[in-house]
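Observations on the three-dimensional arrangement
Each chain, letter by letter, is given below.
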Amino acid sequence: MEKDPSATGDVTLDRAVAQWLEYDRNPKTVSLVQGLVKEGAVEALQKCFSSRMEFGTAGLRAAMGPGTSCMNDLTIIQTTQGFCRYLEQSFGNLKERGVVIGYDARAHPTSGGSSKRFASLAAAIFISQGVPVHLFSDITPTPFVPFTVSHLGLCAGIMVTASHNPKQDNGYKVYWENGAQIVAPHDKGISKAIEESLKPWPESWNTEEALKSSLLQDPYQDVHTQYFTAIQKHCHHREINKGSEVKIVHTSVHGVGHAFVQSAFKAFDLHPPYAVEEQKDPDPEFPTVKYPNPEEGEGVLTLSFALAEREGAMVVFANDPDADRLAIAEKQKSGQWRVFSGNELGALLGWWMFRCWKQQNSDAAAVKNIYMLSSTVSSKILRAIAIKEGFHFEETLTGFKWMGNRAKELLDQGKSVLFAFEEAIGYMCSPSVLDKDGVSAAAIAGEMSAYLATKKTSLSQQLTAIYEEYGYHITKNSYFICHDQDVIHSLFERLRNYGDQKGSYPTECGSFTISAVRDLTTGYDSNQPDNKAVLPTSRSSQMITFSFSNGGVATMRTSGTEPKIKYYTELCAAPGNSDVTQLQKELDDLVDAIVENFFQPQKNNLQPKM
């Protein structure tokens, strides 16, 4: 009997490939898979088909290409069919309310995939089931999708974006009817529905017919108008803005942000920022940067600094490619540029939002209704400001899905949520968007810069003033790369059974005494009377926080999307202790002790951040 030329010798793989070729109608991905089969490229085929992308609370994020492990037409169809079925089960009025779909400018010519194409396929599926779809006619920042969900009272939102990931990646981010990202158990429910909806429905490929349907609407103009009206509630110094001579450079890093930040500045009567010409138009190749991530700091901002020098600008703003995050740098008297960390910007924006609120509210008792939020790995500076000023501060788990959902709960109770942030340069300055928003944050930071200039104060000087008043909060965050899950598991288990004592955590780290331990993997918290953590716990990820008797806090956690073990450390000093050099040295010593005693990079073969 002649051997089947398409057989790889792996029965499961052969079955997966055969099913793929039966279902897929994109000629480019079909051809890529057929080519791999013909070449007998078993390893490449296994990479494409060995697993299905996991749908989590952040939705999907993976490289574009063929197979079940990648973002492509077929996996988008399967995902959307499952999501549609889940929404039908969850909402009796889905066909009255509908959904919104937005997309960024990413594209992958080799596999024929692009954000716009994926968004059109998603729209076709909902329309085929009689669900109204508000599909943006052009690229849009991620924050516009949650804004539209809330503004139009929709059941859900989808944003096709991979944010600041490398150029080959794409993603599928999902919002619930409350305007916040989904949390458990929706992820599991959607995942199960996807598994039950793998065969494409006959209408699912028919984007041309769907895009002619009366169920399809374009929310672009209306949302554009409503969004820029909504954020003007946070404009408090219009006259100062009009006359301000502060020059600001802005880069959208080849993403969607340029036009929207220009409009946000206009809404605040700020002079338009100088745009970095080489980076202002969307380009899926991101040709001028190694990684399109402003968190990487100076490398991404080289062209911005050069333009600022030419124009005599002292401040640079940078959005990531889907404009939901914001980085800021300021030229110092030395001529060097200072790129602020996410925690430093959280301090500045939190101070500013409260200051503006206080000026508008003379009733001293009203402060009891005010809330600010940050993630548990972010700086505790908002806590220090809250204690002194009398408003409420709450911590959530890492990620804006937690802050967005908690903010919605508080708003529904009649509370006022002024500000939320995470150290990964994400800020929610307006409750109109229950997610991080780099567009509104840019306009608000622009106004803050204009106001401070009237006081002859720079952003750096104001940050120092905040620390002088509320206590210095010095942070140091980094990570190690580790591809071996067993090593990661044993590293964390060693900390839970320290000194070979089962269930015993370390009481010291080098010369530093540990005063409390919280383990959000197991649910243990030594600070609570019953030793049970207040924040939700998850066995699927590793996360331990150590508090030290010197005011230091250190969290070690795994990343949900990358092969990294991250650490976040902070030294919180009392107001009045302003010996920054000594505080910095103490934090450096603490980090060295944590790396040496808890990470053990040599023993565990961990690669440090480059």
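Residues numbered from 1 in each chain as written. Predicted model: local features only at pLDDT ≥ 70, side-chain atom pairs only at ≥ 80, totals over all residues. Heavy atoms only, no water.

**Thoughts on empty space enclosed by the protein**
Considering all chains together, one arrives at 2 cavities of 30 Å³ or more under this definition. The calculated volume of the largest cavity comes to roughly 70 Å³. Lining the largest cavity we find 13 residues, and of these Val377, Ser378, Tyr568, Thr569 and Glu570 sit closest to its centre. Listing elements by their share of the lining of the largest cavity, those giving two or more residues are β18 (473–481), β23 (552–558) and β24 (564–572). When residues in the lining of the largest cavity are grouped by element, the largest group, 3 residues, is from β24. Looking at the lining of the largest cavity, its residues break down into 3 nonpolar, 8 polar and 2 charged. Roughly 50 Å³ of volume is contained in the second largest cavity. If you go around the second largest cavity, the residues you meet are Asp104, Ala105, Arg106, His254, Gly255, Val256, Asp283, Pro284, Phe286 and Pro321. Each residue belonging to the lining of the second largest cavity can be placed in one class, and the counts come to 5 nonpolar, 2 polar and 3 charged. (1 Å grid on protein atoms, 1.4 Å probe; cavity = no way out; pocket = protein on both sides within 12 Å on 5 of 7 lines; lining within 4 Å. Points joined across faces, edges and corners; volume = space filled by probe spheres on them. Helix = DSSP H or I, 4+ residues; strand = E, 2+ residues; numbered from the N terminus. Nonpolar A, V, L, I, M, F, W, Y, C, P; charged D, E, K, R; others polar.)

**Focus on the pairing of strand β14 (residues 370–375)**
Of all 6 residues that make up β14, 6 are buried, and the element is covered over most of its length. Judged by which residues are buried, β14 turns out to be covered on both faces: Ile370, Met372 and Ser374 on one side and Tyr371, Leu373 and Ser375 on the other are all buried. Looking at chain direction, β14 and strand β16 (residues 416–422) are connected through 5 bridges and run parallel. From the neighbouring strand, Met372 faces β16, where its bridge partner is Phe419. The pairing of β14 with strand β15 (residues 392–396) spans 5 bridges and is parallel. Of the residues in β15, the one forming a bridge with Leu373 is Glu394. For the crossover from β14 across helix α15 (residues 381–389) to β15, the handedness is right-handed. (Buried < 20%, exposed > 50% of the residue type's maximum accessible area, 1.4 Å probe, protein only. Pairing = 2+ DSSP bridges. Right-handed = clockwise from strand over helix to strand, strands pointing away.)

**What to know about the sheet that holds β14**
Within the open sheet, the 4 strands sit side by side as β15-β14-β16-β17. Their pairing is mixed. A strand with exactly one partner marks an edge of an open sheet, and here the two such strands are β15 and β17 (426–428). The average undirected angle you get between the axes of adjacent strands in this sheet is 15 degrees. Strands β14, β16 and β17 of the sheet are contacted by helix α14 (residues 342–360), whose axis makes an angle of about 170 degrees with β16. Most of the contacts of helix α16 (residues 400–412) go to β16, to which it runs at about 175 degrees, and overall it touches β14, β15, β16 and β17. (Axes fitted to C-alpha atoms, helices over the stretch in contact; angles between N-to-C directions. Contact = heavy atoms within 4.5 Å.)

**Comments concerning the sheet that holds strand β13 (residues 337–339)**
In sheet architecture, strand pairing relies on hydrogen bonds along the backbone and comes in two forms, parallel and antiparallel. With respect to topology, 5 strands assemble into an open sheet ordered β10-β9-β11-β12-β13, the strand pairing being mixed. Looking along the sheet, the strands with just one partner apiece sit at the ends: β10 (274–275) and β13. In the sheet, strand β9 (residues 248–251) pairs with β10 via 2 bridges, with the strands oriented parallel. Bridge pairing links His250 to Ala275 in β10. Across the face of the sheet, helix α18 (residues 459–470) comes into contact with β11 (315–319), β12 (326–331) and β13 while running at roughly 105 degrees to β12.

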